[in-house]
Amino acid sequence: MTGAAAQYKKQDGTVSVSADGKTVSWKPASSALQPLAIAIEHIGNLQQTPATSPKASIKIVVQEPSPQAGNHTLTFTSAAARDDQQEITAQLRKWIETFKTQNLPPPAPAAGGGSGGGASAAMAMAQTVTAAAKGKEEAYDDAKLLADLELQMSLLNSNPALRQRFDRALQEKPDSVSIMQFSNQFWSTRVHMLRSHITEKSQATGTYNVLSVIKSKTVNGTLMLSLTKEQIELLFRQHPVVQKAYNENVPQLSEGDFWERFFHSRLMKKLKGERIQEKDVQDPKLDKYLTYDEAADDSQDLLASSIPTFINIEQNENNHSQKQGNRPDFTMNPSHYEKAPILRVLNRMSEKMMKEVPPSDASRHGPVGLDEETYKELQLRDLQLADDDNRVVLRVQDQSRFFSAGQSVHTSTSAATYTKRTPAQALSTLQQDLRTLGVNKSNTNSVDLHTTIDINDDSSSDEEDAAPQKTKVGSKSSRSAATSHVISALKKRNLHNDDYASSKSIPTSERAKELDVSEAVLDTLTMTHNTTVEFLHYFWAVFYSGDPDRANEIAKLIETLDKSLDRIKAVANMAETDRATRIENAKRDNEFANQRNAKKRKFDPEAIKGGAQAVNQIVEPLLRAINAARSQYQKALQEQMASSGP
């Protein structure tokens, strides 16, 4: 057993590591404190002061499930304190790595012969170093998430919309698809949701300032205080002075009296960072702890040694252009505690909460300090004159190829016609149009705008029986038709490209009103759309799998897609029935209005929007997707039958 003289909470004693490497213990020289025993397998972090520090200390961070959870600081006091620190630290690191290695799976044997011993040792070392990272990655592996039925059920229970979509698609799946196949396909497209859900479940509430959440209230002249066991434990951990006062006074006072006196004491105001005034109630039993320094229990060298000097306020007081340092602002002067106690209390509380978080950018068992790489990251490189330009230079040689891709797919028919014309043809057409402009009697070329753009002042918009005339390019009728066409295209694009987040925030009633359908039709259409999309995903996954044994499954999926078309048609008929009902009601209201008024009003049934036309417009992209799947299947089926021969 290795032992060394060390102080724990300002009490002398001896720290030692057991011979079997299971525990590290500290025994006091007197009976002022209880002995301390920590299981090495529960150690989550180990830190030590650097060689430049005047004190030789180590800090042991014990994880939460252990009864000794928290931070434990040991300061070596012998003449060879630095050597004792190195020896104890080396023993602890060795046993910590041993426990980590025992929890790893056995490495796979090397493929080589006798010369593979060195490679196997190197592989074992690599597995030891990356064990923690691999364990975290395996928890979020796709195969593991897809096989976790409990996680999938938890996600379905927490997301009603996803649960409804899953149940509806499960009811309408083809009989040839088993439940396991359907489940695998359903979750294969939602692995990101499973990963996000398991991450959310693995998160736990961190430490917090417990004094800020404990509130007291007076009911009928009696002070009522709600204090849980967890809050008391956290209060003792954050403020050791409270635990010290509790241990020394609770045998004489009841527990209720102690907490009542504490929350009315000056000690409470000091711990919260409030100013202590003369009118505050004095308590002889608790006021003696006002001079207790909580910072003395923790070794400040563990934190101060890791702070670079160029951001240290106390060391940079003279580094000011006016040679005044930090004195103009009293909040920046570290000596003025009474003027702003809340600042130091908040800083100390933040420091305590950050100590509970292990560093993610450094070794868990390495010495505390600023390494060279971190120092370079903190340097103000933008102030250096000879700084290298680290911007990414983008060199584009031919920009046209980035904008011409896919034009044949998304270009309209008229635009495709114009692209076939050469500049000479376009100029010739323009010159021909200019020659046809009207010429007045004085043989002077002029343009009659009314004739050119086909405006007739004597015409009336109410003439419905007039014979249709051929429209000219640029005329009023053609411009009105073009405006209507553009507005219709914009509405259609907005309908199909609506943002998902914004659509979820809009109530169903408003959404149905925008689409000119009823709420019942919209709900039914939404469910039909969701299940059809699921079957489309499944169809393409099976279609491109290349497995000939699943040909019958593809045929069943095509039948399912045909049934989806029937369901969409049924929803369209339902919407058309609702529209017919609204037309009858509007027609009846119009007849009543004509009976009451002298001026008759003509009824236009086309003014009532919605019906099957609105439904077909909404599901137009879905219908194209179904037809594309059916055409690809028919094409592949014909090719297969042609290759097989008679």
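Residues numbered from 1 in each chain as written. Predicted model: local features only at pLDDT ≥ 70, side-chain atom pairs only at ≥ 80, totals over all residues. Heavy atoms only, no water.

In the annotation of an unreviewed UniProt entry, the protein is listed under the name RNA polymerase II transcription factor and assigned to Clathrospora elynae. What UniProt records for the protein under Subcellular location (unreviewed entry) is the sentence "Nucleus". Under the Sequence similarities (unreviewed entry) heading, UniProt states for the protein: "Belongs to the TFB1 family." (UniProt positions renumbered as here; feature names shortened; annotations may be inferred.)

1. Section: unusual backbone geometry
Phi at Lys 9 takes a positive value of approximately 55 degrees, unusual for a residue other than glycine. Along the chain, Lys 9 turns up in the loop between strand E1 (2–8) and strand E2 (11–17). Residue Lys 10 is not a glycine yet carries a positive backbone phi of 65 degrees. Of note, Lys 10 is situated in the loop between E1 and E2. (Helix = DSSP H or I, 4+ residues; strand = E, 2+ residues; numbered from the N terminus.)

2. Observations concerning helix H27 (residues 611–618)
Buried within H27 we find Gly 611, Ala 612, Ala 614 and Val 615. The buried side chains of H27 occupy one side of the element, clustering within an arc of 160 degrees when seen end-on. For H27, the secondary structure elements touched by its buried residues are helix H24 (508–515), helix H25 (519–543) and helix H26 (551–596). (Buried < 20%, exposed > 50% of the residue type's maximum accessible area, 1.4 Å probe, protein only. Arc of directions from axis to C-beta. Contact = heavy atoms within 4.5 Å.)

3. What about the environment of Leu 515?
As for its placement among the helices and strands, Leu 515 is situated in helix H24. Classification of Leu 515 by relative accessible area gives buried; the value is 12%. Separated by 94 residues in sequence, Leu 515 and Lys 609 place their C-alpha atoms 9.0 Å apart.

4. With respect to the nonpolar core
Ranked by size, the top nonpolar core spans 42 residues in total, and within it Trp 187, Val 517, Phe 539, Leu 561, Val 615 and Leu 622 carry the most contacts. Per-element tally for this core: the top contributor is H25, with ten residues. Not counting chain neighbours up to four residues away, the residues in contact with Phe 539 comprise Ile 554, Leu 557, Ile 558, Leu 561, Ala 629 and Tyr 633. One finds Tyr 8, Ile 60, Phe 76 and Phe 99 within the second-largest nonpolar core, a separate group that totals 24 residues. (Core = buried A, V, L, I, M, F, W, Y, C linked by side-chain atoms within 4.5 Å.)

5. Quick notes on the pattern of salt bridges
Evaluation of the coordinates by the stated rule reveals 14 salt bridges. The salt bridge partner of Asp 142 is Arg 195, with a shortest N-O separation of 2.3 Å. Taken together, the residues span a long stretch of sequence, with Asp 142 in helix H4 (residues 142–147) and Arg 195 in helix H8 (residues 191–202) at a distance of 53 residues. Accessibility expressed as a relative area gives 38% for Asp 142, which makes it partly exposed. (Salt bridge = Lys/Arg side-chain N within 4 Å of Asp/Glu carboxyl O.)

6. Considerations on the packing of aromatic side chains
One pass over the structure, following the stated rule, counts 20 aromatic pairs. Seen from their ring centres, Phe 262 and Phe 263 are 5.2 Å apart, and the 75 degrees between their planes marks the pair as edge-to-face. Neither residue differs from the other here; Phe 262 and Phe 263 are each classed as buried. Among the aromatic side chains, those forming a connected cluster through ring pairs are Phe 236, Tyr 246, Phe 258, Trp 259, Phe 262 and Phe 263. The ring of Phe 186 is capped by Arg 190, whose NZ or CZ atom sits 4.0 Å from the centre of that ring. (Phe/Tyr/Trp six-rings, centres within 6.5 Å; stacked < 30°, edge-to-face > 60°. Lys NZ or Arg CZ within 6 Å of the ring centre and 35° of its normal.)

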